[in-house]
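Take a look at the letters that make up each chain.
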Amino acid sequence: MTNPQRSVREVGAAGYDGFFADAVARLHVERRYRIFADLERMAGRFPCAVWHSPQGPKEVVIWCSNDYLGMGQHPKVVRAMIEAATRFGTGAGGTRNIAGTNHPLIELEGELADLHGKEAALVFTSGYVSNQASISTIAKLIPDCLILSDALNHNSMIEGIRQSGMEKKIFRHNDVGHLEDLLSAAGRHRPTLIVFESLYSMGGDVAPISRLCDVADRYGAMTYLDEVHAVGMYGERGAGIAARDGAMHRIDVIEGTLAKAFGCLGGYIAGSATLIDAVRSYAPGFIFTTALPPPICAAATAAIRHLKISDWERNRQQDRARRVKSALAAAELPVMLSNTHVVPVAIGDPAKCKAASDLLLSKHGIYIQPINYPTVAKGTERLRITPTPCHDDHMIAELAAALVEVWGELGLPRGCLPYAAE
Ligand SMILES: *Cc1c(COP(=O)(O)O)cnc(C)c1O
């Protein structure tokens, strides 16, 4: 602990370090200090990977990857990246305004606008940045904007809202009635931006998009939808849940990532040409950073194009998710209800959640990241399993058996759900 009697300026650099040591110590006390697994993915063998453990390298099966469809190793995607690097080199060489706007990036934006049936799209260096920069900029450009935000929105959206400096109100998760109450309380004339996600990744539950759009229409509000956990995986061409539900044209701004089901890196928004032009012109998080490199753009475009015409990955992923859910339910493990590809298993205690994850990795060669606060609310700690097209029946059987053993070892409750998915 730092000594409050002596100022840090007397102690010097070591004194400042004390602040950081204290901050980290607090995380240990709360059982939420994070340890990253050093993984070596193997193209062609996903979900198998080498874990560089403290005892040396060991082969494991990854069960919590957001490379949801295995597109990060798809031959078309890998080839596109290599070919683009060979033709165009590695980096973009500048911001969008200063020599960084490369042709593969323009093609990618065209592909994304087409995917979502919008006039235009704009690519950012990550999904996180796309939310933060777009939401803050859009809200700032609307005079007296009121932001209505779902209670479980991702941190990148919350940061965008905060940065806008505009007034925000939070509606209960997926609660259309509560949203309507807030809209009606705001009065007829207040410009309002509704910000929400389509598929909430920690519980695997889905927003009632059409009903939210009905309310937005009735009150003349604008809609901003994060489809990060749905693009590539839902809808006929992989455009997401809004597309699947026939509501995509009703959403003003769709945000997505190139880093999850598309297997690459980067984020984007799609919307009207005018809105895209404004965000392009005003968002600091877009303007003052180097453009996405040509090889990444080319690889992302290849993944999007493939998933526009191929249903195989989507169908197989849903099939795998169903199989995992029924295997775990048959083993009386507390699978949380979800109708999507996300399979959360409830634990409800941060230390046990971490211990379960550690045992799975060290004893069973199964890697599932513990999900603790602040990613989810305290008391709802869980393991979040994401079956992909690459997980075979044998892996699923091994997963169920390993979980049963770990549940026994830690004395975790079987066969009952302490709580439903939010
Ligand atoms: C992962 C995630 C993001 C950020 O996307 P990245 O491309 O990983 O930066 C945004 N929104 C949600 C809901 C996410 O889960």
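Just above sits the structure.
Let us look at the structure shown here.

Quick notes on the rules
Residues numbered from 1 in each chain as written. Predicted model: local features only at pLDDT ≥ 70, side-chain atom pairs only at ≥ 80, totals over all residues. Heavy atoms only, no water. Buried < 20%, exposed > 50% of the residue type's maximum accessible area, 1.4 Å probe, protein only. Helix = DSSP H or I, 4+ residues; strand = E, 2+ residues; numbered from the N terminus. Pairing = 2+ DSSP bridges. Near = heavy atom within 4 Å. Polar contact = N/O pair within 3.5 Å; in protein donor to acceptor, adjacent residues only side chain to side chain. Areas by Shrake-Rupley, 256 points an atom, 1.4 Å probe, with all protein chains shown as cover. Nonpolar A, V, L, I, M, F, W, Y, C, P; charged D, E, K, R; others polar. Salt bridge = Lys/Arg side-chain N within 4 Å of Asp/Glu carboxyl O.

Glancing now at the pairing of strand E2 (residues 48-53). Taking burial as the measure, the 6 residues of E2 include 5 buried ones, the bulk of the element. Of the strand pairs in this sheet, strand E1 (residues 39-41) and E2 are connected by 3 bridges, and their pairing is antiparallel. By the bridge assignment, Leu-39 is partnered in E2 with Trp-51. Counting the residues between successive antiparallel strands, the hairpin from E1 to E2 contains 6 residues, one of them, Gly-44, with a positive phi of roughly 95°. For E2 and strand E3 (residues 56-62), the ladder comprises 6 bridges, and the chain directions are antiparallel. Within the sheet, the bridge partner assigned to Cys-48 lies in E3 and is Val-61.

What follows is about the site of the ligand. Taken together, 14 residues surround the ligand, and among them Tyr-128, Asp-226, His-229, Thr-257 and Lys-260 come closest. Within the backbone of Gly-127, a nitrogen or oxygen atom sits 2.8 Å from an oxygen atom of the ligand. His-154 places a polar side-chain atom, nitrogen or oxygen, 3.5 Å from a nitrogen atom of the ligand. Contact with the protein chains removes 85% of the 380 Å² of surface that the ligand exposes when unbound. The element that contributes the greatest number of residues to the shell around the ligand is helix H6 (residues 127-141), accounting for 3 residues. Of the residues in the shell around the ligand, the class split is 3 nonpolar, 8 polar and 3 charged.

The next subject is the pattern of salt bridges. Summed over the entire model, instances satisfying the criterion amount to 24 salt bridges. Measuring nitrogen to oxygen at the nearest pair gives 2.7 Å for the salt bridge that ties Arg-32 to Glu-30. As a salt-bridge pair, Asp-319 and Arg-320 come within 3.0 Å of each other at their nearest N and O atoms. Classification of Asp-319 as partly exposed rests on a relative accessible area of 30%. Members of the salt-bridge network, linked through shared partners, are Glu-111, Asp-114, Arg-237, Arg-305 and Lys-308.

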